[in-house]
Amino acid sequence: MLFNEPHPLEVKVLTRRFEYPNAEPIGIDRFLATRGYEGFRKALGMTPEQIIDEVKKSNLRGRGGAGFPTGMKWSFVPRQSPKPKYIVVNADESEPGTCKDRIILENDPHRLIEGVLIAARAINASRGWIYIRGEYRYLIAVVDKAIEEAYQHGFLGENIQGSGWTFHLSTHSGAGAYECGEESALLNSLEGLRGNPRLKPPFPATSGAFQCPTVLNNVETYSAVPDIILNGGEWYSNLGTPKNGGTRLFCLSGHVNRPGVYELPMGFNLLRLINEVGGGVRGGRKLKAVIPGGSSCPVLKAEECDLPMDHESLAKIGSMLGSGGVVVMDETTDMVKAMFRIMKFYAHESCGWCIPCREGTAWLKKLLGRLDEGLGVSTDIDLANELARNMLGKTFCALGDAAAMPTISFVEKFRGEFEAKLKSAQAQAPVPGAQPLAVL
Amino acid sequence: MPDVTLTINGQAVTAAPGTLIIEAARRHGIEIPAFCYYEGYSLQAACRMCLVEIEKNPKLQPGCTMPVAEGMVVLTESPKVVETRKAMLEFLLSNHPLDCPVCDKGGECELQDMSFRYGAGESRFTELKVHGEEQQWSPVVYYDPARCILCYRCVRVCDEGLGVTALGTQNRGVISEIIPNAGDHLVCDECGMCIDICPVGALTSGTYRYKSRPWEMNHVGTICAHCSDGCKTTLAVRDGEILRGNNRDRSGINGEFLCIKGRYAFDFVRHPERLQSPLLRVNGELQPVSWSEALSAAAAKFNEVKARGGRFGVIGATRTTNEENYFLQKFARQGLGTANIDHRRSGDVVTLLDALSGRANALATVEDLYTAKAALVIGSDLAQQHPLFAFQLRANWRHHQLTAYVVTPGPVREDLYAARAIRSEAGKELEAAASLRDDLAKSQDLVILFGDAIKGDAVRRLVEFGDSLGIPVKYLCLVDYANSRGAMDMGLLPDLGPGYQPTQTRGLNWREMLADPALDVLWVVGEDPLEETALASANAFVVVQDLFLTETAKRADVVFPSASAYEKTGTVTNSAGQVQRLKQAAKVMGVKPDLDIMGLLAKEMGLNLGIWIPDKVFEEIRRTVRGYNVALPVIATGGAAQTGAADGRIPVTVPPELIRSAGDTLFTSGTLGRYSGMLRSVMEAPGTLYKP
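Remember, predicted model here, so these are calculated numbers, not experimental data.

Asker: Explain the overall build of chain A residue by residue, including any values.
Answerer: Scanning chain A from terminus to terminus reveals 17 helices and nine strands. Computed over its C-alpha atoms, the radius of gyration of chain A comes to 22 Å, within 12% of the 22 Å expected for a compact globule of 440 residues. C-alpha atoms of chain A, sized along the principal axes, occupy 80 × 45 × 35 Å. Burial status across chain A gives 62% buried among its 440 residues. A separation threshold of at least 6 residues defines the contact pool for chain A, and within that pool the share at least 24 residues apart is 71%. Only carbon and sulfur atoms are counted for the fraction: they give 54% of the accessible area of chain A, which is about 15800 Å². Charged side chains in chain A number 49 positive and 49 negative. The centres of these two groups are separated by 2 Å.

Asker: Give a description of the domain arrangement of chain B that names residues and reports values.
Answerer: Residues and elements named next belong to chain B. Domain boundaries assigned for chain B yield domain 1 (4-77), domain 2 (110-270), domain 3 (279-322 + 331-340 + 483-643) and domain 4 (349-478). Of note, the centres of domain 2 and domain 4, computed from C-alpha atoms alone, are 33 Å apart. On the domain 4 side, the residues contacting the 15 residues of domain 2 number 11 residues. Surface buried jointly by domain 2 and domain 4 totals about 1200 Å² across both partners, of which 57% is contributed by carbon and sulfur atoms. In this assembly, domain 2 and domain 4 are joined by one salt bridge. Arg413 serves as the salt-bridge partner of Asp189, at 2.6 Å between the closest nitrogen and oxygen. At the boundary of domain 2 with domain 4, the tally comes to seven residue pairs in polar contact (both at pLDDT 80 or more).

Asker: Please set out the sheet that holds strand 6 (residues 135-136) of chain B residue by residue, giving values where relevant.
Answerer: Residue and element names in this part refer to chain B. Strand order across the open sheet formed by three strands is 6-7-10, with antiparallel pairing between neighbours. What marks the edges here is a single partner per strand, and that holds for strand 6 and strand 10 (203-205). Sheet topology note: the strand 7 (residues 141-143)/strand 10 ladder contains three bridges and is antiparallel. Following the sheet pairing, Tyr142 is matched in strand 10 by Thr204.

Asker: A description of the sheet that holds strand 4 (residues 214-218) of chain A should follow, citing residues and the corresponding values.
Answerer: The pairing of strands in a sheet comes from backbone hydrogen bonds and takes either a parallel or an antiparallel form. Residues and elements named next belong to chain A. Ordered in space as 3-2-1-4, the four strands form an open sheet in which the pairing is parallel. Whereas interior strands pair on both sides, the edge strands pair on one side only; in this sheet they are strand 3 (168-173) and strand 4. Neighbour to neighbour, the strand axes of the sheet diverge by 20° on average, direction disregarded. Of the strand pairs in this sheet, strand 2 (residues 127-132) and strand 3 are connected by six bridges, and their pairing is parallel. By the bridge assignment, Tyr131 is partnered in strand 3 with His172. Those strands touched by helix 6 (residues 109-123) are strand 1 (86-91), strand 2, strand 3 and strand 4, and its axis lies near 145° from that of strand 1. Sheet strands touched by helix 9 (residues 219-231): strand 1 and strand 4. Its angle to strand 4, the strand with the most contacts, is close to 95°.

Asker: Let's hear about the side chain of Thr550 of chain B: which residues, and what values?
Answerer: Residue and element names in this part refer to chain B. Its location among the elements puts Thr550 in the loop between strand 24 (541-546) and helix 18 (551-555). Accessibility expressed as a relative area gives 4% for Thr550, which makes it buried. Those residues in contact with Thr550 that lie beyond four places of it in its chain are Asp528 and Thr671.

Asker: Run through the packing of aromatic side chains, naming residues and quoting values.
Answerer: Enumeration over the complete set of coordinates arrives at 29 aromatic pairs over all chains. On the basis of an interplanar angle of 45° and a centroid distance of 5.7 Å, the ring pair of Trp129 of chain A and Phe210 of chain A is categorised as tilted. Taken together, the residues Trp129 of chain A in strand 2 and Phe210 of chain A in the loop between helix 8 (183-190) and strand 4 connect sequence positions 81 residues apart. Cluster of aromatic residues (ring-pair linked, three or more members): Phe31, Tyr37, Phe40, Phe155, Trp165 and Phe167 of chain A. Between the NZ or CZ atom of Arg85 of chain B and the centre of the ring of Tyr118 of chain B, over which it lies, the distance is 4.8 Å.

Asker: Account for the pattern of salt bridges, naming residues and giving values.
Answerer: Residues and elements named next belong to chain B. Evaluation of the coordinates by the stated rule reveals 78 salt bridges over all chains. The shortest N-O distance in the salt bridge between Asp144 and Arg147 comes to 3.5 Å. Summarising the burial analysis for this pair, Asp144 and Arg147 share the class buried. Where salt bridges share partners, they join Arg344, Glu527, Glu531, Glu532, Arg660 and Arg674 into one cluster.

Asker: Describe the state of the cysteines, naming the residues involved and giving the relevant values.
Answerer: Applying the stated criterion to the full structure yields zero disulfides over all chains. The closest cysteine sulfur to the non-disulfide-bonded Cys212 of chain A is located on Cys180 of chain A, 20 Å from its own sulfur. For Cys212 of chain A, a relative accessible area of 7% corresponds to the buried category. With no disulfide of its own, Cys36 of chain B lies 3.9 Å from the sulfur of Cys47 of chain B, the closest cysteine sulfur. Given a relative accessible area of 1%, Cys36 of chain B falls into the buried group.

Asker: Tell me about the pairing of strand 9 (residues 325-330) of chain A, and name the residues and values.
Answerer: All names here are of chain A. Most of strand 9 is tucked away: six of the six residues are buried. Alternating residues of strand 9 divide into Gly325, Val327 and Met329 and Val326, Val328 and Asp330, and every residue in both groups is buried. Both strand 5 (residues 247-254) and strand 9 contribute to a ladder of four bridges, which runs parallel. Counterpart to Cys251 in the pairing with strand 9 is Gly325. Sheet topology note: the strand 7 (residues 287-291)/strand 9 ladder contains four bridges and is antiparallel. Residue pairing for strand 9: Leu287 is matched across the bridge by Asp330.

Asker: Describe the domain arrangement of chain A, with residues and values.
Answerer: Residues and elements named next belong to chain A. Domain boundaries assigned for chain A yield domain 1 (28-237), domain 2 (247-330) and domain 3 (335-439). Between the C-alpha centres of domain 1 and domain 2 the distance comes to 27 Å. Domain 1 puts 15 residues into the contact, and the matching count from domain 2 is 17 residues. The contact between domain 1 and domain 2 buries some 1300 Å² in all, and 53% of this surface belongs to carbon and sulfur atoms. Connecting domain 1 to domain 2 are one salt bridge. When the shortest N-O distance is used, the salt bridge between Arg61 and Glu312 registers 2.9 Å.

Asker: Outline the interface of chain B and chain A, listing residues and values.
Answerer: Counting residues at the interface gives 36 residues for chain B, matched by 35 residues for chain A. Summing both partners gives a buried area of about 3100 Å² for chain B against chain A, and 59% of it is carried by carbon and sulfur. Of all residues in chain B, Phe91, Glu127 and Arg172 of chain B give up the largest surface area on contact with chain A, accounting jointly for 25% of the area buried on that side. On the surface where chain B and chain A come into contact, there are three salt bridges.

Rules of the game
- Position numbers for residues start from 1 in each chain and track the written sequence from start to end.
- Each chain gets a letter, beginning with A, and each ligand a number, beginning with 1, in the order they are written.
- Local features in a predicted model are, by the rule used here, given only for residues with pLDDT of at least 70; side-chain atom pairs are given and counted only at 80 or more, and totals for whole chains, interfaces and linings are based on all residues.
- Where side-chain values are given, they derive from all heavy atoms of the structure, hydrogens and water being excluded.
- Numbering of helices and strands runs from the N terminus; a helix is a DSSP stretch of H or I covering at least four residues, while a strand is a stretch of E covering at least two.
- Atoms considered for the radius of gyration are the C-alpha atoms alone. The globule rule reads 2.2 Å times the number of residues to the power 0.38.
- Burial here depends on accessible area, computed with a 1.4 Å probe over protein chains only, as a share of the maximum for the residue type. Under 20% is buried, over 50% is exposed, and the range in between is partly exposed.
- Whether two residues are in contact is decided by their heavy atoms: any pair within 4.5 Å suffices.
- Computed with the Shrake-Rupley method and a 1.4 Å probe, the accessible areas treat only the protein chains shown as cover for residues.
- Counting rule applied: Lys, Arg positive; Asp, Glu negative; His and chain ends not counted.
- One atom stands in for each charge, and that atom is NZ of Lys, CZ of Arg, CG of Asp or CD of Glu.
- In this document the domain limits rely on a domain assignment from an automatic tool or a database.
- Defined in terms of a 1.4 Å probe, buried area is the accessible area two parts forfeit on being brought together, summed over both.
- A pairing counts as a salt bridge when a side-chain nitrogen of Lys or Arg comes within 4 Å of a carboxyl oxygen of Asp or Glu.
- N or O atoms closer than or at 3.5 Å make up a polar contact, with two conditions inside protein: a donor-capable atom paired with an acceptor-capable one, and, for residues adjacent in sequence, both atoms drawn from side chains.
- Paired strands, as defined in this entry, are two strands with at least two bridges between them according to DSSP.
- Every angle, taken between N-to-C directions, lies between 0 and 180 degrees, and every axis is a line fitted to C-alpha atoms, over only the stretch in contact when it is a helix.
- Only centres within 6.5 Å qualify two rings of Phe, Tyr or Trp (six-membered ring in Trp) as a pair; their planes then separate them into stacked at under 30 degrees, edge-to-face at over 60, and tilted for everything else.
- Charge over a ring is defined by NZ of Lys or CZ of Arg lying within 6 Å of the ring centre and within 35 degrees of the ring normal.
- In what follows, a disulfide is any cysteine sulfur pair within 2.5 Å.

Quick look at the structure:
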């Protein structure tokens, strides 16, 4: 199992048990020896209200991308409902640039199980599933082993730790669809249906898996909970900024000297993340652009990057904190090609349910591919922008927005590069409207 | 809950809480366009055509899923909405082949209409389109993935409407397409509802594809010639030839529902074996002759036998019109002076009417099947034999949470949603139904549908059982064919005249006629009794009116080629006693409606039986037949008029063993079905007709 060398600026909460270079996932013995399941034991003595209050106090926000306050989400579950309540873990980590859930599952799977147990206690759930993306097949074995250990040590199953409470947990493999990271599509997939998103409302808190009240969170979100219960919500909240509690895992990739997953407090400066933690732009080149939170977030120009990494600051400049996938692009990057690559991904991953996303991503992919190959015409740049705007906010789920937002930001912030492609194209192939090459 | 008031495009609108914006707007004459939204089926919000602006809402919201709220301000034609609609159409058309000039749907395509109304004039899409090859899924269903806009209407109508679930989706993104769940072919009812409901030309019909443009045809709303459910089918006719059947205008008791028979099984009309000339037996061989020759031969024989007091036997049919059946019994009783008249009965309507005599509101209509709180089905595989009734009950379950109970010898499709399904041996159905007493009595009301398993005394015991429940109970006696019910009502019975008035003498029933060695004349109108029973009288003179040279026609001395239900006017009565009007759709050379044949025969014999124009005969029926004094405008405008119940006792003398259903499946329709290439082409009936 691999993990990058830690950095002194890191604040280790989720990754506190990680050892570099570690070879094996942390087993239950070492987990228990390092205060493992202590948060859960403490939670067993708390009422559901107390647990949810503590999580609310921590200002923990969903780490999947939307950043919804976790405590509030849990409080929406109607605990008095006669239906069984379920816990679902979203381990369908598919956002390009993101690999944080993977290192948690890979290195400290018991941390996730402990977080799930506390969440299950908070809503009195009886059953849980960890929905792991199909491409992470090798991780299913790791998590399954940890679940087995937890069963053997009485942390899962019947009468958990003598409390009389029963909770079962198992893994469920996805089949390779980005869309199944969207919570309602994930639930459809979990139920054995086609991975299309569902109509909302009802939200999962009231009608989730198998039409029962369900808490559905990201791996990293659940994994933060044990330490919140152990050390108190206030302690966790103070690690970050006022509205953004705690630490989070930033997945630094692209043209930096030291790419990797780093645990840093919320609100950490993006430029410092690149230059100090990441060791600067590779080859001493100049920074051109950064995607701050996975490929669906609007791109930032180099001069916009001096800002704290929290939800509000990024929203203020029109981007998003997203899933923590920071993609660094240096001055040699071909922005048209980069955008084309991103759109290729979304066109491939669109589930096809709604018209604007299904047709829009496919059209944009062809158009951007044509531009990139030097076969663009002068109207193409505005057309790309307009098509993306026709998708934005009009699709059934957020996938359409995820494809539209980067397109708009790339075209608007790097319009010069798009125009340069046109010019070079005219120099090479002076036939406007030539046949496109990209065919699905 | 009180209605909420909202504003749509500045117009104050009130609607019940929970009403969707698209519906509230529609009811006030404001159209919000949509492809995937379809009344009665689950919500999708996939096509994004119905996005509307709602005040205080930053994003446009789909009108098809957003319920109305008090004080809501909705804009359906604001610049933002109009631009969005245009954008959605542009997206849709990007990969849609613009083969409208050869597409079956051209002229009645929702995508065309929407583009015309809301779309952009110019296309900006210059890339290569995604293309998929056309597929044949069954003899009647073809799919063109390139034309498909993925509104999932077909998937929903098959799954939710029919309970068949033959269709699904495969692949994702722009190459998603609809597929049969069985792989490369359909295992289904072949009802064609998916084709009908398709807004574009993605699903096309095997019988109609590439044959005509919709505007070249006349669309004639008539009643299906097959089973007794009485579906209205709108036949599209070009040059006297029927090219397709559907009911897109949702007129009639069936709305837009049709099964394979109503939609496709009209091809018997132009079957090559169709009789188109009268035949006369000359020197032992049937030979084509002129109408006058055939008529005078039959009339001469009839007059001769009548003069010497010989024995007639008259057998009528369950597909001929009320007017024809009425005229036939009048002809037999008044013209020939015989009481020997009968038809093949498939349900014990007579005993039911007698058991219910004097009671109003105890006979169920097709509408009742959709509104009843509970239904009990006894001894019938509805999905196979009465597809409309099955569809209605299922729709009732989906929309109003009908509680259904099933008592059948084997599994049926209604088991899928029935509260209880009981398997019972033949003859023990009533005992099984009695075990449901406590459950049934809890309901507010009940409809009981029963097939030929309940006949004779069992019908009376069933009504007693219904009475003992203490709730309002309605009954529906299931019979086989389009006018099986009407044949009884019109008095094609040896002991009962029109309206079940007892006759002075009891004649022979059809089995007794065939077994009578002294029978002089056997006159068969549209029926094929010799198919299963031999004629005992070797010297009987046999006159047959039929579409085809049936077993009976082969034995005949005179055969008259008659017009089918699709080639004439008149009325028919369905299982539920609802009268509807046939309209002439097709034209076939050389044939005459049975009523004309009988009228001409009467004229040739010198009898005066009155005018033989359908409307005139129906007037007489309204005047004289008990229960048939129905409102003419209802029938004249294509509606269904419920006939009244019998208000007095009926002496029932029919032996119950004469009542027997032919046991048709979804893909058979008695003799007529044998001449439908389409019914014969589909592989086998889906589901089970009482297989274990």
